[in-house]
Structures are given as C-alpha cells and as structure tokens.
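The chain contents come next:
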Protein chains: 2
Amino acid sequence: MITIKDISKKCGVSPATVSKALNGYDDISPETAALVRRTAKELNYMPNAAARLLKTNRSHNIGVLFIDDSMSGLTHEYFSHILNSVKEESEENGYDITFISKNIGKQKMSFLQHCRYRNCDGVVIANVDFQNPEVLELVNSEYPVVTIDFSYDNASSVNSDNQEGSYTLASYIADRGHRKIALIHGERTLVTQKRISGFKTAMAERGIEIPPEYIAEATYHDVESVRKATAAMLDLDDPPTAIMFPDDYAFMGGRTEIIERGLNIPDDISVCGYDGVNLAKIIDPKLTTWEQNTDQLGRIAVDKLIEKIENPDTAIPEYIVVRGRMYKGETVKQI
Amino acid sequence: MITIKDISKKCGVSPATVSKALNGYDDISPETAALVRRTAKELNYMPNAAARLLKTNRSHNIGVLFIDDSMSGLTHEYFSHILNSVKEESEENGYDITFISKNIGKQKMSFLQHCRYRNCDGVVIANVDFQNPEVLELVNSEYPVVTIDFSYDNASSVNSDNQEGSYTLASYIADRGHRKIALIHGERTLVTQKRISGFKTAMAERGIEIPPEYIAEATYHDVESVRKATAAMLDLDDPPTAIMFPDDYAFMGGRTEIIERGLNIPDDISVCGYDGVNLAKIIDPKLTTWEQNTDQLGRIAVDKLIEKIENPDTAIPEYIVVRGRMYKGETVKQI
DNA sequence: CATTGTATCGAATACGTTTTCGTAGATTTA
DNA sequence: TAAATCTACGAAAACGTATTCGATACAATG
C-alpha cells in the first residue's frame, strides 16, 4: 500500500504538502502541485478511505435500509430497480453504499448502531416498516435521512405517485365502459391508502357505486393470497368485469385463477397490475399497468440525501412526488 | 460519538485496558473486564470501524463485483438471488459488502483501486466478463478472491452444475419420448459450453442424432433474441418437438412466439427453461426447469472467501460444484 | 534600509483504535 | 528472606490522513 509519505519522499516535500496538493489547497505552488499529482499517478496512489474518514468524519458512504426480513427487498423487482438506481447515483457522486442490517456477526446491533459503526454519512430508507421503533430511532437521530414511499416530517421523502397512478388506471378502465370494477389491494400501508383513495376518487367522479365486496385485501407480491382474493371475487353473485391488482407480480396468481376457470383475459374479464416491471411486458396479453419511475425515485433520493449531507444546515425537508406513467398493455377491454 | 476513552475515564482504567477487555485479552482481570463491558453497554458504545481498520488492516468488508454495465446484475433474478445470499452470509459472519465499480465520482478507478480505496478484505466476483483485463488485474492482485460460475486456477470458485443440469433436463425430455430436441443457448461463455456439453452427452448416450440447426445461439435474459431464435426453429422444415431455452426469463420470448402461432405448450411443443426462478412456477403451465441453488452458491462463496481472508496461507484454492435440482413443471409432454 | 506583505512550505497534532513492552505489586519458590 | 514468577495494568507508538499555525524566503513598499 502506497501512502502520502511515499509520495512526499519521492518529491522531496513534506506529507502535509502532498496532502494539500492533492486536495487542491491554494498555498502550494503550481509546480509542486503538478509534480505531486504526477508522481501520485505514477505510483498509483489511492488515498486510504479509513484514515481520511478518521480525520474528516466523512465516509462517503451511504447506508441503505431495505427490508430486513426473510426475503430481502433485493428479490422484489420494484425494489431491486430502485436499489440499482440508488447504487448508480451514489457512485456517480463519489459515494459507496452499505446495507444496513441489525445482525452483523454475532453482534446484534440496532440500525442506528450499524450506521455509526460504519460511519455512514446518511441513509436512504425504503420498503421497511416505517413505524418500527428502530427505524424511528434512526430517523430521529443525528443522521441525514431520505425516505422512499413514506414521509416523516423531519426528513425529505421521495414518493411514487400512488394516488395518481391508481386514479389513472381506474379512470382508464371506467372510461372503457366498465362499471363493475374491483380492487384487490395489498397490506394497509400508506402506499395502499393512496391507491385506494385514487381508485375511489375515480369512481366517485363518475358516479360509479362500488359495493364493499369489490374492495379486497391481499398481500403484495404474494401470488397465493392474490389468487384466493381473485377466486373470492369471481365467486360473487355479481362479479366485477374488471379487477385491479396490487402489483404485476402478484397478478400472476389472479391470472392463473382466471385462466383455470376457463375465462379469457380480456374478453371475459379485464385486469390491470401495478409497477410496470418487465414481467408485465413479456406476458401474453401484455398487462395494462402503471409504470413507477424507479430510476428517478432512486436517483432523486440520493441527490436529496447528498444535498443534506453536504449542507446540513441549509437543506430543508422536501416532499417530492415522482410521476409514473401508464403502460396500456392489452388487458382492458372496451365494452 | 462515544469512544474508548470515555469508557476508560468512567471506569478509572486506561484506554489500553478497555480495548483489551473488549477484545477478550486474557491479561485483564475478570472483574475489570466485566466492569468495562458493562459500562460499554451502558454508554451504548460502538467501536469506530475506521480507526480499527487503520490499525488492523481488516475492514470486515467484502467487495462484490457484479456486472457493471447498463442494467446491473441486480435486476437479473438469478443474480439478485445470489447477491442476496452473499449479503446475508456476509452479515452473519460480521462482514458488510461493498459494490465494486469503476466510476466512483468523477474519479475513474480500476476495480483493484476501488478495492484498495475501501480496504476490502476480499472480493466475490460473479457475472462479469472474466477475461476483462481489469478483472484479471484484480484476480492476480494480493486480494483473496472467490469466483462464481467461473474458475481461475489461483482462486477458489463456486460453480453451479451447468453440465449436470443441462444433461438432466435433456435426458428427461428424451426419456419422455422426444427424439427431435433443440437447444437455444446463450452467449458462448463457459457456462454455456457446459450446458451444450451436457445436452450433447445426453443425446449421445441415447444415440440421438442432433442436426446442427437444432442448436442455436441467442442472448441470456433477452426476450427478443430468444423469440427470434424460436421462430427460426419453428420455421424449420422438420421442426423439433421440444426446445430447451437458455433461461426461464428469456423463455417468455419463445413462449409468446409459440402461443401466437396458435401452438399449445406442451401439446404441440414441449419446452424447458433454466434457473428455476419464481417466474417459472407462477406461469401457466408451470415451466419445467433446472433450479440453480442460488442460496448455496452465494453462501459458500462467502464462506470460502472468509476462510481465505482469515487463513491466507493455509487455505488452498478449491473448485466447488453446487448441485441444483430439477423442477418438473408441466411443459414436457410424454409422447 | 527598515518594514510590511506575500507566497510557499513543514512541524505538529489529532482522529480512535490496537498492540507491544515495561513495570509495580502480589504471590510463589528455594 | 531473597529471588523468581505471575498477574494486572498502563505508557507509548503506530496506522494514514487533514489541518492549523508558524517559519522562511523573498518581493514590494515607504
């Protein structure tokens, strides 16, 4: 490992001078600065992040808090896309990312402790139980925090337009002539509330009455639960002509149920999903859905976080909504 | 931030003693050791990883080198599962992971440089161009390295049983009466070579002649390329009765082509995929495929890497094969 | 010529640990 | 009882860097 000292020797200057030259201080003559930089390249010098961190208290490391249970968020397509853009935007700005978990080795530690241990400069939080005491502890700590799809009042948040998306899908279906529209939604999180609200607004605006049994709860990303909910819906005395599903992936459960009953999509029943993941576009017929802008969600979250990290005092909490867009697909029939 | 010194003051001992007590040295009396540990808990002490690293040269940080281009490996289900198990196994052993990329901020750096900058203790490499000079530079560096699905001779590797998997699928199809079996494979990587080899072995063992046009190249994970290859296959004068696809996801392209021609799976044509990702099990009919054991692949890679990190001298390179298993599905018809 | 100002650099310290080595006191041994 | 051995602890140095502040040399100014 080659250090600042090696460079100083080779250049005949002090380590202090090397450090300054490398960091662009202006009390170094242009000539020596150039010399230092040149030999640094020659020797293939890399600053030691740990030493630097120890002095500056800046790790250039962003903590990422995703769901910690069983199947990690990594395997959800929606979140793996967000993670990917978080990672890329971080790297483009000179930051690495570290997954924050509570079990690191035999040591059980809190999220906050993990952050401290790794000296994260800030944290992006997504897809967790936002009421979890440990998450709250982190949010209320000294750490800059940005949340995705949830909003605390002391931290910036980046939000997918769930109300809008759901509203638009519901409107689209209604405007293609449907009057008996059902919604199968996920667990009652904030995101879900907004989707339900968007759905109801669209219905209300058109004077469409939705009986309570047309709104059912299932579990996000859980094929089996959605299949059951779909079966129940189809078993109603007066079944809907269109069903909105909690997400594209879980829709596959409903799809199986529909197909196995010998029904055709969209001739016998219209459907739509949510997310706009790849899956929607490669199945047949292509699934009408709402494409969430995962790329922007991740990038903006990181941008806002870095803003806060680098200007802890001036940066104020923002509530940002990222617009998605409809993917029309082929699963909503005009009637 | 509370340090070792705070504890030392509160306990009336020296910082050295605190450090030793916390690290289980045996030249500390049980009483003081207990006292130190107790107050450490009380004060909610967390060691500073940077300072520790600076002294010990051990970061407890594992570099993860996944594909760096465009769409990251994160969005491939196979690799996101591996990544997930790499992450979990690392954490269970007290390590965090860091993505190794070449663009960190404005600084372009090599993979090796990035590792050095972050003081990784070792690196897991998967899903990259293994002949890339920068990857080779890393492999031939001082760093402990473990590769997944590729093998260098100076590093341990963990390999999915591609030959075996392909062989087993091909045999299964043949043993259900098929004689005209086609293989659409991915780019010619080592993995692909093994799959082709497994396929040919199974055919040869049964004395089945495979004409060259029954073996076609497409691109992994590329729905469109596979769709085209499928179309070409179906256009043959003497089309196959069964097609093996490069992976479950890309199979969806072939599936669309088949369905749009009014053919039925498996009545008119039998198919199988590869990977065993969730998708295979939620489509209808369920896709016959080979489940790669992503969980073990990731975990063993990390175990072997840590072994090497902690015993740099005694640990010798191993070539490890992880067995998958067949998922029978419903897409191969008995004829 | 004396003074002030400017440009360039280096000595020293600190960040929070780990680890070597020394030492004071207690205990055992001869 | 003197010497040898243990036990328990602390002083100090080191890891690689950033940064303050003083020092030096020289130019400019009056």
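Refer to the structure printed above.
### What to know about the protein's contact with DNA strand C
Looking at DNA strand C, there are 27 residues lining it, with Thr17, Lys20 and Thr32 of chain A together with Ser19 and Tyr25 of chain B nearest. Taken together, the sugar and phosphate atoms account for 61% of what DNA strand C places within 4 Å of the protein. The contact in question runs from a phosphate oxygen of DNA strand C to an N or O atom on the backbone of Ser29 of chain A, over 2.8 Å. Contact distances for DNA strand C include 3.1 Å between a phosphate oxygen and a side-chain N or O atom of Arg52 of chain B.

### A few points about the pattern of salt bridges
Counting across every chain of the model gives 48 salt bridges over all chains. A salt bridge links Glu310 of chain B to Arg58 of chain B, with the nearest nitrogen and oxygen atoms 3.9 Å apart. A residue pair is termed long-range when its members are at least 10 positions apart, and Glu310 of chain B in helix H13 (residues 294-310) and Arg58 of chain B in the loop between helix H4 (49-56) and strand E1 (61-65) qualify at 252 residues. A single salt-bridge network, built from bridges that share partners, covers Arg227, Asp235, Glu257, Glu260 and Arg261 of chain A.

### Some details on the pairing of strand E8 (residues 181-185) of chain A
Residues and elements named next belong to chain A. Buried residues dominate E8, accounting for 5 of its 5 residues. Residues Ile181, Leu183 and His185 of E8 are buried on one face, and the alternating residues Ala182 and Ile184, pointing to the opposite face, are buried as well. In this sheet, strand E10 (residues 242-244) lies alongside E8 in parallel orientation, the contact comprising 3 bridges. In the sheet register, Ala182 faces E10, and the bridge partner there is Ile243. As defined by bridge partners, E8 adjoins strand E9 (residues 215-217) across 3 bridges and the pair is classed as parallel. Looking at the pairing, Ile184 lines up with Ala216 of E9. Assessed by its sense of winding, the connection that carries the chain from E8 through helix H9 (residues 190-205) to E9 is right-handed.

### Observations concerning the interface of chain A and chain B
Every contact between the two is made by 57 residues of chain A and, on the other side, 57 residues of chain B. Taken together, both faces of the contact between chain A and chain B bury some 5000 Å²; the carbon and sulfur share is 56%. Sorting the residues of chain A by area buried against chain B places Met46, Tyr117 and Ile282 of chain A first, and these three jointly supply 13% of that buried surface. One salt bridge in this structure joins Asp96 of chain A and Arg118 of chain B, with 2.5 Å as the shortest N-O distance. Between the two partners, chain A and chain B, sit 17 residue pairs in polar contact (both at pLDDT 80 or more). Of all the secondary-structure elements, those providing two or more residues to the side of chain A that touches chain B are helix H4 (49-56), helix H5 (77-92), strand E2 (96-99), strand E3 (103-104), helix H6 (111-118), helix H11 (248-260) and helix H12 (278-282) of chain A.

### With respect to the sheet that holds strand E8 (residues 181-185) of chain B
Residue and element names in this part refer to chain B. Here we have 4 strands laid out as an open sheet, ordered E9-E8-E10-E11, and parallel in their pairing. Where the open sheet ends on each side, the last strands, each with one partner, are strand E9 (215-217) and strand E11 (270-272). Between one strand and the next, the sheet's axes are offset by a mean angle of 20°, whatever the strand orientation. Along the sheet face, helix H10 (residues 223-234) touches E8, E9 and strand E10 (242-244) and points at about 155° away from the line of E8.

### Examining the environment of Leu65 of chain A
Residues and elements named next belong to chain A. Among the secondary structure elements, Leu65 is positioned in strand E1 (residues 61-65). For Leu65, a relative accessible area of 0% gives the class buried. If we ignore the near neighbours within four places in the chain, the residues touching Leu65 are Ile100, Phe111, Val123, Val124, Ile125, Ala126, Val128, Val135 and Leu138.

### A word on the protein's contact with DNA strand D
Close contacts around DNA strand D come from 27 residues, with Ile4, Tyr25 and Tyr45 of chain A together with Thr17 and Lys20 of chain B the closest. Of what DNA strand D places within 4 Å of the protein, 62% of the atoms are sugar or phosphate. Lys20 of chain B places a side-chain nitrogen or oxygen 2.4 Å from a base oxygen of DNA strand D. In the environment of DNA strand D, a base nitrogen lies 3.0 Å from a nitrogen or oxygen atom belonging to the side chain of Asp27 of chain B. Among the elements that line the surface near DNA strand D, the one with the most residues is H4 of chain A, at 4 residues. Considered class by class, the residues forming the surface near DNA strand D number 11 nonpolar, 10 polar and 6 charged.

Rules used in this analysis
- Residues numbered from 1 in each chain as written.
- Chains lettered and ligands numbered in written order.
- Predicted model: local features only at pLDDT ≥ 70, side-chain atom pairs only at ≥ 80, totals over all residues.
- Heavy atoms only, no water.
- Near = heavy atom within 4 Å.
- Polar contact = N/O pair within 3.5 Å; in protein donor to acceptor, adjacent residues only side chain to side chain.
- Salt bridge = Lys/Arg side-chain N within 4 Å of Asp/Glu carboxyl O.
- Helix = DSSP H or I, 4+ residues; strand = E, 2+ residues; numbered from the N terminus.
- Buried < 20%, exposed > 50% of the residue type's maximum accessible area, 1.4 Å probe, protein only.
- Pairing = 2+ DSSP bridges.
- Right-handed = clockwise from strand over helix to strand, strands pointing away.
- Contact = heavy atoms within 4.5 Å.
- Buried area = accessible area lost by both parts, 1.4 Å probe.
- Axes fitted to C-alpha atoms, helices over the stretch in contact; angles between N-to-C directions.
- Nonpolar A, V, L, I, M, F, W, Y, C, P; charged D, E, K, R; others polar.

Geometric values such as these leave the question of function open.
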